[in-house]
Amino acid sequence: MSGMEMTGAEIVVSCLAEEGVEFVFGYPGGAVLNIYDAIFQQNQFKHVLVRHEQAAVHAADAYARSTGRVGVALVTSGPGVTNAVTGIATAYMDSVPIVVITGQVPVPAIGLDAFQEVDTVGITRPCVKHNFLVKDVKDLAATMKKAFHIAATGRPGPVVVDIPKDVTGHRTEFTYPESIELRSYPPAPQALPAELKRAVQMLMEAERPMVYAGGGVVLGDAADQLTELTRLLGFPCTNTLMGLGGFPASDKLSLGMLGMHGTYEANMAMQHCDVLLAVGARFDDRVIGNPAHFAREQRRIIHIDVDPSSISKRVKVDLPIVGDVKQVLGDLIPLVKQAGFSNTNERPKAAALKTWWTQIELWRAKDCLKYTQNGSIIKPQYVVEKLWEVTQGDAFVTSDVGQHQMWAAQYYKFDKPRRWINSGGLGTMGVGLPYAMGVQLAFPDAQVACITGESSVQMCIQELSTCKQYRIPVKVVTLNNRYMGMVRQWQEFFYGSRYAESYMESLPDFVKLAEAYGHIGMRIDKPEDVEGALKEAFSPALKERLVFMDFQTDQKENVFPMVEGGKGLSEMILAEEL
């Protein structure tokens, strides 16, 4: 199509087609009607009509997380933009590559408080990787190319392209650049050979080593390299909430998730290691707790990350390595083999490593995730474990935010990357259902489960309508404890059990609600019915149907272990201590 004269709206559509976009998630409005008219007249990608702009961005976000490709959302000006900001901030905090196209009032009306005008660039600036306001149709194609390039490269993130309505109606010759170079935006640097050699030397000298892997491993498609390197080293590995699946949870070297609700063995090993290899992680406050407490133990830290601003931001490291994590890990593997780590009998510090593993197994023996399913009340952990069994650990699992999110992370063993889709950095309630939509559309034959709570699911429950329209057969697993569960848990622990506004009275009948949207609803009250309900929902007979399962779970169940805010990693509250 290059060389043809087109309207700005047609140029937007052609750019999306050039980028190989599969789905655009959006909601129309006056400022983007020219674009919607152009979408109507093309057949190169599909548009998915959501019921709220926030859900459009969440669905695009989940599409990107699960596929590794750039997700795309389209919203109108004013309230369309402000509704989308939560989704944009969610993607920004978790470094997810999306392009959000927003409508704007005509150029002559900008700054005059026109109908449905907001300062999109100003509002989104704190929560985007970059944003553009395109005032000339001649700049549109190049700007779209820049947006996709910036979103997907380096440390990924959301990019907003704000397009005034008159620009979408103006005409110009369309030429889409084959490539783009930005002087102020260099590609990720390569690690220096001296840095890699020093890293291997530090690993050789370790007596109590630890591998700490974050979401950068998943986003950087480096799971295979991390797994190979960790197995060569024979070191224990822990993953952050965002890094789950970056190293197989079923591997004997895995200590599970660390942090505020991490395992006892992962937190203790993290606290007491002497050499730490941090890969694609940022030492978040929910991961290491109080940095001062973390610094009490002397250790040397190797930190690999594509973003130099993430290195030594909260914790000072000894060896920073800035680069693409997949490439850096790939370069380390042959050096590690040369150092003798491939021979388990003659590897460096073999005796010390054996002693370290003995200590780790003692910590692991505490069985910090143990619970008991007895009586007539369903334990939420039991539902997640049965979900893992029924899906054979191979489902895509999305979640909302709260207790159910932590139970999903603890009890669903993720062995593959990009199967765990949740809001980590921003902690956005309401993401679960639109996340499931984005994943299911990307992988129509896959099993997709949305683990949610009765509070979170209501924040974007209107998307049941979208699921009906597009026949999106996700399975909703609601752990319904009739509370804002994590809020109630904190109120119990730290506010004298004063449950201020955390009890969800007047809950809807979710079965009837699901049926009202044209879906299948199930209410499960007894533990003995949990497995059967899940098997039925995931059976071939219901493969093409959305099934909303409302599990009535224990109201008093809390998430353990738990590290109180401001405390250190080893200051965990365990269930057995209460």
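Before reading further, recall that the structure is shown in the block above.
These numbers were taken from a predicted model, which means no experiment stands behind them.

Student: Please explain unusual backbone geometry as it appears in this structure.
Tutor: Backbone geometry follows two general trends: most residues other than glycine have a negative phi, and most peptide bonds adopt the trans configuration. For the bond from F560 to P561, the omega torsion is -10 degrees, close enough to zero to count as cis. In this structure, F283 takes a positive phi of about 55 degrees despite not being glycine. Mapped onto the fold, F283 is located in the loop between β12 (275-279) and α12 (285-288). Unusually for a residue other than glycine, S312 sits at a positive phi of about 60 degrees. For S312, the location among the structural elements is in the loop between β13 (300-305) and β14 (319-322).

Student: Even after reading the chapter, I still don't get the environment of E544, so can you show me in this structure?
Tutor: Relative to the elements of secondary structure, E544 occurs in the loop between α22 (530-537) and β20 (547-552). E544 gets classed as exposed once you look at its relative accessible area, which sits at 57%. Distance from E544 to R471, taken between C-alpha atoms, is 7.3 Å for residues 73 residues apart in sequence.

Student: Would you explain the packing of aromatic side chains in this entry?
Tutor: Each aromatic ring pair is characterised by the separation of its centres together with the angle its planes make. Tallied over the entire structure, the rule returns 17 aromatic pairs. Plain terms: the ring middles of F396 and F443 are 4.7 Å apart, the flat faces sit at 25 degrees to each other, and that makes the pair stacked. Placement of F396 in strand β15 (residues 396-399) and of F443 in the loop between α18 (432-442) and β17 (448-452) is noted, with a sequence separation of 47 residues between them. Every member of this aromatic cluster is reached through a ring pair, and the members are W490, F493, F494 and F560. When the ring centre of Y264 is taken as reference, the NZ or CZ atom of K366 above it lies at 5.2 Å. In this structure, K413 is placed above the aromatic ring of W388, and the distance from its NZ or CZ to the ring centre is 4.4 Å.

Student: Help me out: how do you make sense of a nonpolar patch on the surface in this one?
Tutor: A grouping of Y92, M93 and L426 is seen on the molecular surface, where their side chains present a nonpolar patch of about 240 Å² in accessible area. For L426, the location among the structural elements is in the loop between β16 (420-421) and α18.

Student: What exactly am I supposed to notice about the packing of helix α8 (residues 193-205) against helix α14 (residues 325-338) here?
Tutor: To describe two helices that pack against each other, one gives the angle between their axes and the distance between the axes. One can describe the packing of α8 onto α14 by two numbers: an axis separation of 10 Å at closest approach and a directional angle of 55 degrees. Taken together, the axes of α8 and α14 are oblique relative to one another. Pair α8 / α14 crosses with right-handed handedness. Of α14, the residues touching α8 (which contributes L196, K197, A199 and V200) are V328, D331, L332, L335 and V336.

Student: I keep staring at the packing of helix α3 (residues 53-67) against α18 and nothing clicks. Help me out?
Tutor: One can describe the packing of α3 onto α18 by two numbers: an axis separation of 7 Å at closest approach and a directional angle of 50 degrees. Classed by the angle they form, the pair α3 and α18 counts as oblique. Where α3 crosses over α18, the two elements pack in a sense that is right-handed. Taken together, the residues of α18 that come into contact with α3 (itself represented by A55, H58, A59, D61, A62, Y63, R65, S66 and T67) are P434, Y435, M437, G438, V439 and A442. Taken together, the residues of the contact of α3 with α18 break down into 9 nonpolar, 4 polar and 2 charged.

Student: Help me understand the nonpolar core, please; the structure alone is not making it clear to me.
Tutor: In summary, soluble globular proteins display a tendency toward joint burial of nonpolar side chains. Ranked by size, the top nonpolar core spans 102 residues in total, and within it M270 and F283 carry the most contacts. Sort the elements by how many residues they give to this core and α14 lands first, with 6 residues. In this structure, F283 is in contact with Y212, M270, L276, A278, I288, F294, I301, H303, R314 and V315, ignoring residues within four places of it in sequence. Of all hydrophobic cores here, the second largest spans 48 residues; its members include V57, V160, A442 and L546.

What counts, and where the lines are drawn
- Residues numbered from 1 in each chain as written.
- Predicted model: local features only at pLDDT ≥ 70, side-chain atom pairs only at ≥ 80, totals over all residues.
- Heavy atoms only, no water.
- Helix = DSSP H or I, 4+ residues; strand = E, 2+ residues; numbered from the N terminus.
- Buried < 20%, exposed > 50% of the residue type's maximum accessible area, 1.4 Å probe, protein only.
- Phe/Tyr/Trp six-rings, centres within 6.5 Å; stacked < 30°, edge-to-face > 60°.
- Lys NZ or Arg CZ within 6 Å of the ring centre and 35° of its normal.
- Patch = residues over 30% accessible without salt bridge, like charges linked within 9 Å, V, L, I, M, F, W, Y side chains within 5 Å.
- Areas by Shrake-Rupley, 256 points an atom, 1.4 Å probe, with all protein chains shown as cover.
- Salt bridge = Lys/Arg side-chain N within 4 Å of Asp/Glu carboxyl O.
- Axes fitted to C-alpha atoms, helices over the stretch in contact; angles between N-to-C directions.
- Parallel < 35°, antiparallel > 145°, perpendicular 65-115°, else oblique.
- Left-handed = near helix turned anticlockwise from the far one by under 90°.
- Contact = heavy atoms within 4.5 Å.
- Nonpolar A, V, L, I, M, F, W, Y, C, P; charged D, E, K, R; others polar.
- Core = buried A, V, L, I, M, F, W, Y, C linked by side-chain atoms within 4.5 Å.

Shape descriptors only; they carry no functional weight alone.
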